[in-house]
Amino acid sequence: MSFIQEFKEFAVKGNVVDLAVGVIIGGAFQKIVDSLVKDMLMPVLGKLLGGMDFKHFYLNLSDKTYDTMEAAEKAGAPLFKYGVFINSVIDFLIVALAIFVAIKAINKLKREEPAAEPAPAEPPAEPEDVKLLREIRDALKK
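What counts and how
- Residues numbered from 1 in each chain as written.
- Predicted model: local features only at pLDDT ≥ 70, side-chain atom pairs only at ≥ 80, totals over all residues.
- Heavy atoms only, no water.
- Helix = DSSP H or I, 4+ residues; strand = E, 2+ residues; numbered from the N terminus.
- Contact = heavy atoms within 4.5 Å.
- Areas by Shrake-Rupley, 256 points an atom, 1.4 Å probe, with all protein chains shown as cover.
- Lys, Arg positive; Asp, Glu negative; His and termini not counted.
- Charge placed at Lys NZ, Arg CZ, Asp CG, Glu CD.
- Patch = residues over 30% accessible without salt bridge, like charges linked within 9 Å, V, L, I, M, F, W, Y side chains within 5 Å.
- Salt bridge = Lys/Arg side-chain N within 4 Å of Asp/Glu carboxyl O.
- Buried < 20%, exposed > 50% of the residue type's maximum accessible area, 1.4 Å probe, protein only.

(A) Here's a closer look at the overall build of the chain. Assigned secondary structure in the chain consists of 5 helices and 2 strands. Ordered by position in the sequence, the α and β elements of the chain form the string α-α-β-α-β-α-α. Dimensions of the chain along its principal axes, counting C-alpha atoms only, are 115 × 50 × 30 Å. Of all intrachain contacts in the chain linking residues separated by at least 6 positions in sequence, the fraction that spans at least 24 positions is 42%. As displayed, the chain has an accessible area near 12400 Å², and 66% of this comes from carbon and sulfur atoms. Taking the 18 positively charged and 20 negatively charged side chains of the chain as two groups, their mean positions are separated by 3 Å.

(B) A look at a nonpolar patch on the surface. On the surface, a nonpolar cluster with roughly 460 Å² of combined accessible area is contributed by V44, L45, L48, L49 and M52. Its place among the elements puts L48 in helix α2 (residues 14–48). Judged by its relative accessible area of 67%, L48 is exposed.

(C) Structural view of the pattern of salt bridges. Overall, the coordinates contain 3 salt bridges when judged by the stated rule. Its salt-bridge partner being K81, residue E73 comes within 2.5 Å of it at the nearest N-O pair. A relative accessible area of 37% means that E73 is categorised as partly exposed. Across the pair R137 and D138 runs a salt bridge whose closest N-O atoms are separated by 3.4 Å. A residue is classified by how much of its surface remains accessible, and D138, at 35% relative accessible area, is partly exposed.

What follows is the structure, encoded as structure tokens:
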């Protein structure tokens, strides 16, 4: 089989198309989850924590002090933005939970009830010719 023919078979298989669709839908799903985290969950968490916004949590690694993170960024100061990391972790956990729930639902739909095992059938009756041959054998042994 030639290389080009093998590649055609690989590229046209349903699994590759399914993977491409999954990647595209995953990208769109990521936008939804980002919006959920940034626009809905983080403001609620911030409100519960006294009006804080995680994305503004940072540690200034330079010798100078700055009033805001934006001012430090404009000055080019090295910053340790742990608030952005916290947002990313929460984002990941929500994505993982959503995927887990979706896969669990899909698996539940796919699962079929196992068929009941048939009762063991009685062994078939011995054919007449076998019975005759056994009788002949037993008679010859005597």
